[in-house]
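An overview of the molecular structure
Here is what each chain is made of, one letter per residue.
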Amino acid sequence: MSTSSLITGPKDPVPVGRCDCCGQEIYPDDLVHVIDGFTVCPECFFDFAFDYFSRDLVPGSALKEENHGDTDTTGG
Ligand SMILES: [Zn+2]
């Protein structure tokens, strides 16, 4: 009697990387953001973006300095 090994079934996908923020595994079918070499999953994107652009974060009072010398116009 001859036996043949026939193993079929859904094969577990191999993770291709990990999110640099939360460390969750990234699979080939997943969509991720790659920003400056950082791999960021969609769930971490907002927190990452907020921190990434934190250097551009300024108080509202800072806008007044850039908004000088403008004449006020009235429309009618
Ligand atoms: Zn993440």
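This text follows the structure it describes.
Residue positions within a chain follow its written sequence, with the count starting from 1. With the structure being a predicted model, the display of local features is reserved for residues of pLDDT at least 70 and the display and counting of side-chain atom pairs for 80 or more, all residues being used for whole-chain, interface and lining totals.

As for the overall build of the protein
Which entries qualify depends on this criterion: Going along the chain from the N terminus, every DSSP run of H or I of four or more residues is numbered as a helix, and every run of E of two or more is numbered as a strand. With C-beta atoms placed from the backbone, a residue is labelled by how many other C-beta atoms lie within 10 Å of its own: buried for 20 or more, exposed for 12 or fewer, partly exposed between the two. Two residues qualify as being in contact provided that their C-beta atoms, derived from the backbone, are within 7 Å of each other.
Across its full length, the protein carries two helices and four strands. By the burial criterion, 8% of the 76 residues in the protein qualify as buried. Within the protein, counting contacts between residues at least 6 apart in sequence, those at least 24 apart form 8% of the total.

Describing the environment of proline 13
Here proline 13 lies in the segment before β1 (17–18). Sequence spacing of proline 13 and isoleucine 26 is 13 residues, and the spatial spacing of their C-alpha atoms is 9.9 Å. Once residues within four sequence positions are removed from consideration, proline 13 is found in contact with Tyr27 and Pro28.

Some points on the nonpolar core
As a reminder of what qualifies: Each nonpolar core consists of buried Ala, Val, Leu, Ile, Met, Phe, Trp, Tyr and Cys residues. Their C-beta atoms, within 7 Å, join them into a set.
Listed in full, the six residues of the largest apolar core are Cys19, Val32, Val40, Cys41, Cys44 and Phe48. Excluding anything up to four places from it in sequence, cysteine 19 contacts Gln24, Ile26, Thr39, Val40, Cys41 and Cys44.

Quick word on unusual backbone geometry
Excluding glycine, most residues fall at negative phi; most peptide bonds, likewise, are trans. In this model, aspartate 36 sits at a positive phi of 50 degrees, which is unusual for a non-glycine residue. Counting through the fold element by element, aspartate 36 comes out in the loop between β3 (33–35) and β4 (38–40).

Side note on the environment of phenylalanine 38
By the secondary structure assignment, phenylalanine 38 is in strand β4. What makes phenylalanine 38 partly exposed here is the crowd of 14 C-beta atoms within 10 Å. Each C-alpha atom, one on phenylalanine 38 and one on cysteine 21, is 8.6 Å from the other, the two residues being 17 residues apart in sequence.

Without other data, these values stay purely geometric and don't point to any function.
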